[in-house]
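# Structural features, examined
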Amino acid sequence: IIIDEEPNANFLFVVVHGKLIVTLEGAEIGQMQQGDVQGASQLLNLNDWTRTVAVDVHLRSEAMVQVIRREQLLDILAGHPVPKGRLREIEQELHVAKGADWQILQNIPAFGGSCSKAFLARVFKDADVILRCPKDLVAEVGQPSSCMLVVLAGKLRSERPQTLFHVDLARGDWCFQNCILGNEPNYSHDVVATTHCMVLVLYRHALLNAVVAFPESRESVLENETWRKTSPQINNLRVLEGVPAPILARLEKEAGQCYYREGSYLLAPGATLDEGTLLFVLRGQARVLILDTEIATLHAGTTIGMHRFLKLPVVTNPRYEIVASAPTDALILHSDVLFAAVEDDRFEDHMKLFANASRVLAGGDILDAFGFKVDGADATFNTDCVETSDVLKACSEHFVAQLPALVEDVAFWPGEQIYSQGEEGDFMYFVQSGRVRLEALGRIKHEVVSGGATIGDMACLEQVAGHTETAVAETHVWLRALHRKLLSRSLQAFP
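Here the residue index of a chain counts from 1 through its sequence in written order. In keeping with the model being predicted, local features are shown solely for residues with a pLDDT of at least 70 and side-chain atom pairs are shown and tallied solely at 80 or more, while totals for entire chains, interfaces and linings include all residues. Remark: hydrogens and water are excluded; side-chain values derive from all non-hydrogen atoms of the structure.

This part is about the overall build of the chain. For the purposes of this entry, the term helix denotes a DSSP run of H or I that reaches at least four residues, the term strand denotes a run of E that reaches at least two, and both are numbered from the N terminus. Scanning the chain from terminus to terminus reveals 14 helices and 29 strands. Seen through its C-alpha atoms, the chain measures out along the principal axes to roughly 95 × 60 × 45 Å. Per-residue accessibility, obtained with a 1.4 Å probe over protein chains only, is compared with the maximum for each type, and a residue is labelled buried under 20%, exposed over 50%, and partly exposed between these values. By residue count, 47% of the 495 residues in the chain fall in the buried class. Contacts are residue-level and defined by heavy atoms, with any inter-residue pair within 4.5 Å sufficient. Once local pairs closer than 6 in sequence are excluded, the contacts in the chain between residues at least 24 apart make up 76%. In the form shown here, the chain has an accessible surface area of approximately 24200 Å², with 50% of it arising from carbon and sulfur atoms. Only four residue types enter the charge count: Lys and Arg as positive, Asp and Glu as negative, with His and the chain ends excluded. By convention, the point assigned to a charge is CZ for Arg, NZ for Lys, CD for Glu and CG for Asp. In the chain, 44 positive and 64 negative side-chain charges are present, and the distance between their average locations comes to 4 Å. Using the Shrake-Rupley algorithm and a 1.4 Å probe, accessible areas are obtained, with residue cover drawn only from the displayed protein chains.

Going residue by residue along strand β14 (residues 190–193), you find D190 and V192 tucked away on one face and V191 and A193 tucked away on the opposite face as well. Of the pairings in the sheet, the one linking strand β9 (residues 137–139) to β14 comprises two bridges and is antiparallel in character. Bridge pairing links A139 to V191 in β14. When DSSP finds two or more bridges between a pair of strands, those strands are recorded as paired. Where strand β11 (residues 156–159) and β14 come together, four bridges link them in antiparallel fashion. Opposite R157, over in β14, you have V192 as the bridge partner.

Estimates place the volume of the second largest pocket at around 970 Å³. Put simply, the grid is 1 Å and covers the protein atoms alone, a cavity is a trapped set of points that fit a 1.4 Å probe, a pocket is an open set with protein on both sides within 12 Å along at least five of seven lines, and lining residues have an atom within 4 Å of a point. Forming the walls of the second largest pocket are 36 residues, and the residues nearest its centre are T303, E408, D409, V410 and A411. The set of elements that each furnish at least two residues to the lining of the second largest pocket consists of β19 (293–298), β20 (303–304), α9 (306–309), β21 (320–334), β22 (407–412) and β24 (427–433). Element by element, the count of residues in the lining of the second largest pocket is highest for β22, at six residues. Each residue receives one of three labels: charged for Asp, Glu, Lys and Arg, nonpolar for Ala, Val, Leu, Ile, Met, Phe, Trp, Tyr, Cys and Pro, and polar for the others, Gly being one of them. The class makeup of the residues in the lining of the second largest pocket is 22 nonpolar, nine polar and five charged. Grid points are joined across faces, edges and corners, and a volume is the space filled by probe spheres set on the points.

A separate point is the packing of helix α2 (residues 70–77) against helix α3 (residues 81–94). Between α2 and α3, whose axes approach to 8 Å, the crossing angle comes to 135 degrees. Between α2 and α3, the crossing angle belongs to the class labelled oblique. Within the contact between the two elements, α2 uses R70, L73, L74 and L77 and α3 uses P81, P83, K84, L87, R88 and E91. Partitioned by chemical class, the residues of the contact of α2 with α3 number six nonpolar, no polar and four charged. Comment: axis = line fitted to C-alpha atoms, over the contacting stretch for helices; angle = value between 0 and 180 degrees taken between N-to-C directions. Reported orientations rely on four angle classes, namely roughly parallel under 35 degrees, roughly antiparallel over 145, roughly perpendicular from 65 to 115, and oblique for the rest.

Below, the discussion takes up the pattern of salt bridges. One side chain can pair with another of opposite charge once the charged atoms of both are near each other. For this analysis, a salt bridge means a side-chain nitrogen from Lys or Arg found within 4 Å of a carboxyl oxygen belonging to Asp or Glu. With the rule as written, the count across this model stands at 25 salt bridges. For E91, the salt bridge is made with R88, and the minimal N-O distance between the two is 3.8 Å. Pair noted here: E91 and R88 are both in helix α3, with a separation of three residues, about one helical turn. Taking the relative accessible area as the measure of exposure, E91 reaches 14% and is therefore buried. When its relative accessible area of 36% is taken as the criterion, R88 is described as partly exposed. Between R437 and E474 there is a salt bridge, and its shortest N-O distance comes to 3.5 Å. In this pair, R437 sits in strand β25 (residues 436–439) while E474 sits in the loop between β28 (470–473) and β29 (477–483), placing the two residues 37 residues apart along the sequence.

Spatial ordering of the open sheet is given by β23-β28-β25-β26, a layout of four strands whose pairing is antiparallel. Strand pairing shows two members of the sheet lacking a second neighbour, β23 (417–419) and β26 (447–449), which therefore form its edges. Between one strand axis and the next, the sheet turns through 30 degrees on average, direction left out of account. Relative to β28, β25 runs antiparallel, the two being bridged by four bridges. Among the inter-strand pairings, E439 is bridged to a residue of β28, identified as T470.

Okay, α2 next. Among the residues of α2, those classed as buried are R70, L73 and L77. Down the axis, α2 shows its buried residues gathered within 60 degrees of arc, on one side only. Residues D75 and I76 are exposed on α2 and point more than 90 degrees away from its buried face. Tucked inside the fold, the buried residues of α2 contact α1 (40–43), β7 (64–69) and α3. Think of it as the arc spanned by the lines of direction from the helix axis to the C-beta atoms.

With that settled, consider the environment of G99. The topology assignment puts G99 in the loop between α3 and α4 (117–125). On a C-alpha basis, the gap between G99 and G451 in space is 65 Å, while along the polypeptide they are 352 residues apart.

Here we come to the sheet that holds strand β5 (residues 37–38). Strand pairing within a sheet occurs via backbone hydrogen bonds; the two strands may be parallel or antiparallel. Taking strand neighbours across the sheet as the criterion, the three strands line up as β5-β2-β7 in an open arrangement whose pairing is antiparallel. Edge positions in the sheet fall to β5 and β7, since each of these pairs with one other strand and no more. Two strands pair when backbone bridges link them, and strand β2 (residues 11–17) and β7 are joined in this way by six bridges, in the antiparallel orientation. The partner of F13 across the bridge, within β7, is V67.

Moving on to the packing of α4 against helix α6 (residues 204–213). Put simply, α4 and α6 touch, their axes get as near as 9 Å, and they point 150 degrees apart. Taken as axis vectors, α4 and α6 run roughly antiparallel relative to one another. Between α4 and α6 lies a crossing of right-handed hand. On α6, the residues touching F119, R122 and V123 of α4 are L207, N209, A210, V211 and A213. Considering only residue class, the contact of α4 with α6 consists of six nonpolar, one polar and one charged. In this scheme the handedness of a crossing depends on how the near helix is turned from the far one: anticlockwise by less than a right angle means left-handed, clockwise means right-handed.

Criterion for a disulfide: a pair of cysteine sulfur atoms at a distance within 2.5 Å. Taken as a whole, this structure holds zero disulfides when the rule is applied. Take C133: it sits in no disulfide, and the sulfur closest to it among the cysteines is that of C197, at 8.1 Å. No disulfide involves C395; its sulfur sits 12 Å from the nearest other cysteine sulfur, which is in C460. C395 gets classed as partly exposed once you look at its relative accessible area, which sits at 31%.

On their own, these measurements won't tell you what the molecule is for.
Here is the structure:
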């Protein structure tokens, strides 16, 4: 870590070598390469550090920075009155920015008139502050952005390229409200500094953190996010099928809000969601990778962490990661509300489908509509379904031992199609719990397999041109999916 939001750290540094990552409130907001400079306003004693700068964890060598501290600069300038006087003028010109507080945000419509002082103070505290010099381009039309700008000191000009239209911005003025609300993905005009200026930069992820911390401000802020009217709704999730409206309303009210910029992690390698937590993608797109191999793409309406949400004993995969390939908004749902409703006599009947999903995926009994065990449906929970698969019996112990770290845990609901006959076999599936029905055209009696079985292997191994049957989840099913690309990669290491 080079700097970590420290007060009274009045120095400037220049990157000589390496790559640095700039974060704010835990989210990446930028990167630094050779020649980039940070800390001009801190050197002039205009504000404290508002961001964290650290060496990129993926850097394969050391990073080098050169640092100049305020006391060193003053010593150097002692014998040079002209540049010293110019710096004094800049400090005096921008000193008003140091006295800014949450009140400068009061007149911004995005936050509504009902937002509390505590909420605005949190938004102000979590913002970034930048210093720009005359003719610096602060924002460029068409540039992807999820932040808005508020002028703390100095003057800027907002202008449309190739037109004479422009608006002068001074202290307290703001722009790009629709960007921080997610209504517009890009800057709609240029912003150029006309004098030395200090600008407060409010980021979407920090705004949503404040909304979660102060739920009374939720409605006044989120009602301005017009894109939410066409986003997927949580009542369409199969896991919430049959859940009463009051429980759904409470689940959504207590949900967290999160935003991921393009290229950032929804789930970092080796990381895991908290128990009882589910990420529900409202919009955007993300790539699912294992060992840097893309195995799936997530879109609006999909979920991350279903097994954790149902409090199932899923093992963390250190090679599994999810990266946003486009700006992505998601809800963080907490299942404690649902499990409490299961125990509540008022909702017991409505919550049977949810309770059944949790039980069957954990290897519990498969029950009929009256609560009786279904004949011939013995419960199985094969945590070693990969290692003991019949398909892998002839393989070496070392080859089989690496495969559990290459699979993805997925859940299917009754009636959902896993793959269809004739479809290309991208995955081989190991059944950990539940039952799968295999249907084939022309075959009168369908085959049913349960925990410990392997399906889709022939097409995945390219023994046949495509799947020879259609696989349908007969009950809730926990599958461990192995992608063909990862299987081929493993086979190359074990010819």
